[in-house]
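Next come the chains, spelled out residue by residue.
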Amino acid sequence: MESLRRTLQFDGLISVDSQGKSGGLALLWKIKCHVQLRSCSHNHIDVEVKVDGKQAWRLSGIYGEPDRNQRRKTWDLLQNLERDSNLPWCVIGDLNNVVSQQDKIGGAPYPSWLIEGFNEVLVEIRLVDLDLVGHQFIWERGRGTAAWTEVRLDRALTTLLWLNLFPMVKLYNLEGSSSDHSPIKFIPEASEKSVGQKKFKFENAWLREPMCRQLVIKSLDSENNEDIQVKIKNCGKKLLQWGQEVTGKFSERIKRCKIEMCRLRKFRDPISAHKYQEAKDQLLLILEQKEIFWRQRSKQLWLHSGDKNSRYFHASTSVHRRNNQMHRLKNGGGTLVEWEDGLAEHITEYYKHFFTATQSNWHEVIDCIDSKITAAQNVDLLKQVTEEEVRLALFQTNPDKSSGPDGITPAFYKNYWTIVVNNMVHLVRKFFQDGIMPRGLNEIYVVLIPKKKCLVSVWDLRPISLCNVVVKSITKVMVNQMKHMLDSVVFECQSAFIPGRLITDNIIVGFEMIHYLKRKRRGKDGCMALKIDMSKAYDMIEWDYL
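Note that the structure is predicted; figures quoted are calculated from it, not measured.

Engineer: Whenever I open this one, the overall build of the protein confuses me. Can you help?
Structural biologist: Looking only at helices and strands, the protein features 18 helices and 17 strands. Residues classed as buried in the protein amount to 37% of the 546 residues present. Considering only intrachain contacts with a sequence separation of at least 6, the fraction spanning at least 24 residues in the protein is 57%. As displayed, the protein offers around 34,200 Å² of accessible surface, 54% of which is attributable to carbon and sulfur atoms.

Engineer: Would you mind going over the environment of Glu 82 with me for this structure?
Structural biologist: Considering the arrangement of structural elements, one finds Glu 82 in helix 2 (residues 71-84). Along the primary structure Glu 82 and Arg 126 are separated by 44 residues, whereas in three dimensions their C-alpha atoms are 9.1 Å apart. With sequence-adjacent residues up to four places away left out, Glu 82 is seen in contact with Arg 58, Trp 89, Ile 125 and Arg 126.

Engineer: Quick question: what am I supposed to make of helix 13 (residues 387-395) here?
Structural biologist: One full turn of an α-helix is made of 3.6 residues, so residues set three or four places apart face in the same direction. Taken together, the buried positions of helix 13 are occupied by Val 390, Ala 393 and Leu 394. When helix 13 is viewed along its axis, its buried side chains cluster within an angular range of 100° and face the same direction. The elements touched by buried residues of helix 13 are helix 14 (410-415), helix 15 (417-434) and helix 16 (469-482).

Engineer: Please clarify how the pairing of strand 1 (residues 12-16) should be interpreted in this entry.
Structural biologist: Strand residues, when the strand is regular, have side chains that alternate between the two faces of the sheet. The two faces of strand 1 differ: Gly 12, Ile 14 and Val 16 on one face are buried, but Leu 13 and Ser 15 on the other face are not. Sheet topology places strand 1 next to strand 2 (residues 25-29); five bridges connect them, and they run antiparallel. Considered in strand 2, the bridge of Val 16 is made with Leu 25.

Engineer: Honestly, the packing of helix 15 against helix 16 in this entry has me stumped. Any pointers?
Structural biologist: The N-to-C vectors of helix 15 and helix 16 enclose an angle of 60°; their axes lie 10 Å apart at closest approach. Of the possible angle classes, the one that applies to helix 15 and helix 16 is oblique. Note on packing geometry: the crossing formed by helix 15 with helix 16 is right-handed. Residue-level contacts link Met 424, Leu 427, Val 428, Phe 431 and Phe 432 of helix 15 to Val 470, Ser 473, Ile 474, Val 477, Met 478 and Gln 481 of helix 16. A per-class count over the contact of helix 15 with helix 16 returns nine nonpolar, two polar and no charged.

Engineer: I'm lost on the sheet that holds strand 4 (residues 44-51) in this one. Help?
Structural biologist: What links the strands of a sheet is backbone hydrogen bonding, and the strands pair in either a parallel or an antiparallel sense. Here we have six strands laid out as an open sheet, ordered 3-4-5-6-11-8, and mixed in their pairing. The open sheet terminates on both sides in strands that have one partner only, identified here as strand 3 (33-41) and strand 8 (128-129). Pairing of strand 6 (residues 89-94) with strand 11 (residues 154-158) involves five bridges; the strand directions are antiparallel. Across the sheet, the residue bridging to Cys 90 is Thr 158, located in strand 11. Together, strand 3, strand 4, strand 5 (57-63) and strand 6 form the strand contacts of helix 2, whose direction differs from that of strand 5 by roughly 170°.

Engineer: I keep staring at a nonpolar patch on the surface and nothing clicks. Help me out?
Structural biologist: A contiguous nonpolar surface patch, about 810 Å² in accessible area, is contributed by Val 365, Ile 366, Ile 369, Ile 541, Trp 543, Tyr 545 and Leu 546. Within the secondary structure, Ile 369 sits in the loop between helix 11 (363-367) and helix 12 (375-381). Residue classification places Ile 369 among the exposed residues on the basis of a relative accessible area of 55%.

Calculation criteria
- Residues numbered from 1 in each chain as written.
- Predicted model: local features only at pLDDT ≥ 70, side-chain atom pairs only at ≥ 80, totals over all residues.
- Heavy atoms only, no water.
- Helix = DSSP H or I, 4+ residues; strand = E, 2+ residues; numbered from the N terminus.
- Buried < 20%, exposed > 50% of the residue type's maximum accessible area, 1.4 Å probe, protein only.
- Contact = heavy atoms within 4.5 Å.
- Areas by Shrake-Rupley, 256 points an atom, 1.4 Å probe, with all protein chains shown as cover.
- Arc of directions from axis to C-beta.
- Pairing = 2+ DSSP bridges.
- Axes fitted to C-alpha atoms, helices over the stretch in contact; angles between N-to-C directions.
- Parallel < 35°, antiparallel > 145°, perpendicular 65-115°, else oblique.
- Left-handed = near helix turned anticlockwise from the far one by under 90°.
- Nonpolar A, V, L, I, M, F, W, Y, C, P; charged D, E, K, R; others polar.
- Patch = residues over 30% accessible without salt bridge, like charges linked within 9 Å, V, L, I, M, F, W, Y side chains within 5 Å.
- Salt bridge = Lys/Arg side-chain N within 4 Å of Asp/Glu carboxyl O.

Shown next, in the form of structure tokens:
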């Protein structure tokens, strides 16, 4: 190992000798890291890692017991290591354990008692299993034979404290090895790369502060004739300056409250008791704001604020950020392009070409379609939009949905509806009367969401548009007006997005059709099924046609 260390030009080495021709562990590192050995055995090396300017953390390299009957030894080792320190902790190695039946393909099913036992240990010691980028199986045997088996035995496990230090961590499967194990590459990224200027975004946690309402009233409930866009922009500037003290210093505010409570706890006079209760109420408010802060970033829209899941929201946010990161993609020529080599320009050119209008003749199609909207229905569509319609459209939107370029979330409009109602209803009505959107209001952020874990090309990204809440309300008013008419307008083969229809209907029809083709054995006439790729049918509509 010392010879190998010199060959690879590493600066430090910790090794555990093999037992005969089996076993043996080694850890190598560069001089920029300070590594201190905590403990080691034939199955593990546990060290404390320090890098200048960062918090110290633990790294444990584990080789799990290969004998299934001895697997409890690995679980006990993890539990003992967990009790040894409170530092942020990362475990990596060949643990010889799986967390579900999906970690194995081929051969007999993995014993349930081993899966359940390992998962119980992970829950007890609060370790998170990191997703693997690339092929999902690390070890294989019997390739090309009836006994071909693949299993994911190597993995990386971390605590939430460790994920806070390295939220952009990636775990890669480096396929292609002479061994029956594929090597894994573990890259702890401390922070995501900034690709643009940070924009204002309304924090829903601010809604718990009375001062926030005062700032909104002063900015929006004014007598001047400025449109709502200008008022929202001015309001955003004031909120950004004020809100940094609220959501930017959670730890400091929590610490101050706890110190104040500690100081007042020993006094028993009425004034001290009152101040103690005020400090306690303030602490609970800050904790609630912190929970809302992380929930807004986690995108777990099915949970409600007040569920006290700050730890879960924080973990979800880290996973959400890691999954949405892209570092390199292949261009049209099959060459990998990274950010430094112009990845942003490559993506921009792709979508410019993709969404550029073409010369299409759609009149022949439209001329063959009969009108479905009756005169009475058309009269209903032309009625003036009411305040209740605008309110209903707004309150149908989840408060934690992502904001548009103006940075204002649906929660802002919902909580301050009585303040913004006149401005908002006036703008929506004016649009329905004139058919013209005020300049800048319909600006959007185009966000690229990965469709799978291992990104190869731009095709693996799904573009979505983040628009301002006012624009969302306009479109929802349209949808609500047309909703009861869609059943008679849209052909029955379209089974999704229409009230009273289910997309599973077409799945059942497709299944029955394939089942019929497989069972057909008689007759001279054959049958075939034609699948047409309609993946972008709803993303590409010509403006002239629309």
